[in-house]
Amino acid sequence: MTAPMFITLADDSWQRAHYALIVAAGALSLGRTVTIFAGGRGVHALAKDWSGLKNITSDAELDNRGVASFRDLREAIIELGANLMVCETGLALTGLTPDTLCETVSVRGIVTFLELAGDRPILAL
């Protein structure tokens, strides 16, 4: 059995969020379980509308370059069963509400994420 992967997003960088989705999709395709915890302004990455992220490269531009789009990656990791969580505090910070999030995203605190991760490594992007 392969080790689960735990990824945390803490800022509003589109580049970091996009790469986290790439890493998650790769790990899921190899049969690993993946949990992504978005805190702070990183919660925008798991909102239905991710326009709150900074320095966004449009999905159309990515498609034209043959690069997986943000939308496609996010849909893929949801379909592959990623455990997606956003921080309660991050929601308050950004003014987002649970109904603005993708339907599979749960609202949790950092303690819940750390309990899930246990002694395993956490990848911070």
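Description of the structure in this document.

Here is what the cut-offs are and how they apply
Residues numbered from 1 in each chain as written. Predicted model: local features only at pLDDT ≥ 70, side-chain atom pairs only at ≥ 80, totals over all residues. Heavy atoms only, no water. Helix = DSSP H or I, 4+ residues; strand = E, 2+ residues; numbered from the N terminus. Rg over C-alpha atoms; globule rule 2.2 N^0.38 Å. Buried < 20%, exposed > 50% of the residue type's maximum accessible area, 1.4 Å probe, protein only. Contact = heavy atoms within 4.5 Å. Polar contact = N/O pair within 3.5 Å; in protein donor to acceptor, adjacent residues only side chain to side chain. Core = buried A, V, L, I, M, F, W, Y, C linked by side-chain atoms within 4.5 Å. Expected span 1.5 Å × (residues − 1).

1. Quick word on the overall build of the chain
- Tallying secondary structure elements over the chain gives 5 helices and 5 strands in all.
- Seen in sequence order, the chain has helices and strands lined up from the N terminus as β-α-β-α-α-β-α-β-α-β.
- Computed over its C-alpha atoms, the radius of gyration of the chain comes to 14 Å, within 12% of the 14 Å expected for a compact globule of 125 residues.
- If you line up the chain on its principal axes, its C-alpha atoms span 40 × 35 × 20 Å.
- Burial status across the chain gives 44% buried among its 125 residues.
- For the chain, long-range pairs separated by at least 24 residues make up 72% of all intrachain contacts whose partners lie at least 6 apart in sequence.

2. Description of the side chain of Thr8
- By the element assignment, Thr8 lies in strand E1 (residues 5-9).
- A polar contact of 3.2 Å, which involves the side chain of Thr8, links it to the backbone oxygen of Phe37.
- Look past the residues within four positions of Thr8 in its chain and what remains in contact with it is Phe37, Phe113, Ile122, Leu123, Ala124 and Leu125.

3. Things to note about the nonpolar core
- Ranked by internal contacts, the top residues of the largest apolar core, which has 34 residues, are Ile7, Leu9, Val34, Ile36, Phe70, Ile77 and Val86.
- Counting residues per element, the ones that place at least two in this core are E1, helix H1 (14-29), strand E2 (34-38), helix H3 (70-79) and strand E3 (83-87).
- The contact partners of Val34, leaving out residues within four places of it in the chain, are Met5, Ile7, Ala24, Ala27, Leu28, Ala82 and Asn83.
- By size, the runner-up hydrophobic cluster in this structure holds 6 residues, among which are Phe6, Phe37, Met85 and Ala117.

4. Description of H1
- With 16 residues, H1 should reach 22 Å at 1.5 Å per residue; the first-to-last C-alpha distance of 22 Å fits that figure.
- Buried within H1 we find Trp14, Ala17, His18, Ala20, Leu21, Val23, Ala24, Ala25, Ala27 and Leu28.
- On its buried side, H1 packs onto E1, E2, helix H2 (59-65), H3 and strand E5 (122-124).
- Two to three positions downstream of the cap, the backbone nitrogen of Gln15 sits 3.4 Å from a side-chain oxygen, assigning the N-cap of H1 to Ser13.

5. Looking at the side chain of His18
- Inspection of the secondary structure assignment puts His18 in helix H1.
- According to the relative accessible area criterion, His18 is buried, its value standing at 5%.
- Once residues lying within four places of it in the same chain are set aside, the contact partners of His18 are Leu62, Val67, Ala68, Ser69, Phe70 and Leu73.

6. Structural notes on the environment of Asp59
- Inspection of the secondary structure assignment puts Asp59 in helix H2.
- Spatially, the C-alpha atom of Asp59 lies 6.3 Å from that of Phe70, the residues being 11 residues apart in sequence.
- Engagement of the side chain of Asp59 in a polar contact is seen with the backbone nitrogen of Phe70, the distance being 3.0 Å.

The values reported here are purely geometric and, on their own, carry no functional implication.
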